[in-house]
Amino acid sequence: MSPNAHITSHRKPRRPATQSWVVRTGVAGGVLSTLAVAGTASATTAEKPTEATAEMPAFNAELSASIAQSAVATQQTAVDYQVRAQVEDALDQAKADAKKAKEEAERKAEAERKAKEKREADEARASRDSERGSLGTKSTSGSSSSSSTATGSAATLVDFLRAQVGKAYVMGSTGPSSYDCSGLVMAAYSQIGIDLPRVSQDQSTAGTQVSTSNLKVGDILYWGSVGSAYHVAVYVGGGKFIGAQNPSTGIVERSMSYSPPTGAVRVM
């Protein structure tokens, strides 16, 4: 019996060669797979930032431009609304001012019209009172007064004028049914062959200027200044005149104290 027969061996049993190759192949494959996955992930990770970095600035620039354009449009719209509001306010104020001015002008015109009507009514009433007061003596003393103070052409002039009393006053009329102030004076003097200018301004300069305190029958009385008189009549004696006064009263005979004339002119 061998001396080594009782000595136990400490060596590990050998693995078959095939099994060892398989193990090594599996380990290598796992490592390679891990490396492949890691490489793919790294490549993917590397590509994504590149794409984001390349596209993001362009996106931000377009967005900024759009926002800036919208802001400008909004600001312009606000300015347009503000200007339009100011224009509308100005138009409204102008309309209100025009309406107020129109109403004020109408109010003044109405007040002037009423004042004129009252003045003319007062004149008509005074004329009627004067005429009533002289009715009792007009038929007896009127003609004798004219005949005693006026003869010849002056008497003819006065007779014509008295025949016109009561007729209508019409602007621009020269008779025979109506007259204005200068039309009556011109028609009266034409009865005695004296031609006078048509308007009161010229009639106030047609003869010799005389004082109103030294009048004679037939003198032309005027109201206003020489050369720009606005009314004329004829002195008929006894401190009275006959004239076409206004549309309300027509042709009347009145006392000079009722409306003292500015001056007088003598033409005969």
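Our structure is the block above this text.
These figures come from a predicted structure and were not determined experimentally. Per chain, residues are indexed from 1 in the order of the written sequence. Local features in a predicted model are, by the rule used here, given only for residues with pLDDT of at least 70; side-chain atom pairs are given and counted only at 80 or more, and totals for whole chains, interfaces and linings are based on all residues. Side-chain metrics in this entry use all non-hydrogen atoms of the structure; hydrogen atoms and water are not considered.

**Thoughts on unusual backbone geometry**
- Residue G175 is joined to P176 through a cis peptide bond whose omega torsion reads 0°.
- Residue position: P176 is located in the loop between β1 (168–169) and β2 (178–179). Here a strand is any run of E in DSSP of at least two residues, a helix any run of H or I of at least four, and the numbering for each starts at the N terminus.

**Some details on the sheet that holds strand β8 (residues 263–266)**
- A pair of strands is treated as paired once DSSP finds two or more bridges between them. One open sheet holds the 6 strands; their spatial order is β3-β8-β4-β5-β6-β7, and the pairing between them is antiparallel. With one partner strand each, in any of the chains shown, β3 (208–210) and β7 (250–255) form the two edges of the open sheet. Within this sheet the neighbouring strands show an average axis-to-axis angle of 35°, counted without direction.
- In this sheet, β8 lies alongside β3 in antiparallel orientation, the contact comprising 3 bridges. By the bridge assignment, V210 is partnered in β8 with A264.
- Only heavy atoms matter for contacts: two residues are in contact if any of them lie within 4.5 Å across the pair. Here an axis means a line fitted to C-alpha atoms, over the contact stretch when the element is a helix, while the angle between two N-to-C directions is reported on a 0 to 180 degree scale. Along the sheet, helix α2 (residues 153–164) contacts β5 (231–237), β6 (240–246) and β7; its crossing angle with β5, the most-contacted strand, is approximately 115°.
- Sheet strands in contact with helix α3 (residues 181–190) are β4 (220–223), β5, β6 and β7, and its direction is about 45° off that of β5.

**Concerning a nonpolar patch on the surface**
- Here the term patch refers to residues with relative accessible area over 30% and no salt bridge, with like charges joined within 9 Å and nonpolar side chains (Val, Leu, Ile, Met, Phe, Trp, Tyr) within 5 Å. Residue-level accessible areas treat just the shown protein chains as cover; the underlying method is Shrake-Rupley with a 1.4 Å probe. The term salt bridge refers to a pairing of a side-chain nitrogen on Lys or Arg with a carboxyl oxygen on Asp or Glu at a separation within 4 Å. A surface patch of nonpolar side chains, amounting to about 310 Å² of accessible area, comprises V79, V83, V87 and L91.
- With respect to the helices, strands and loops of the structure, V79 is situated in helix α1 (residues 17–149).
- Here the term buried applies to any residue with accessible area under 20% of the maximum for its type, exposed to any over 50%, and partly exposed to those in between, with areas from a 1.4 Å probe on protein chains only. Relative accessible area serves as the criterion here: at 37%, V79 is assigned to the partly exposed category.

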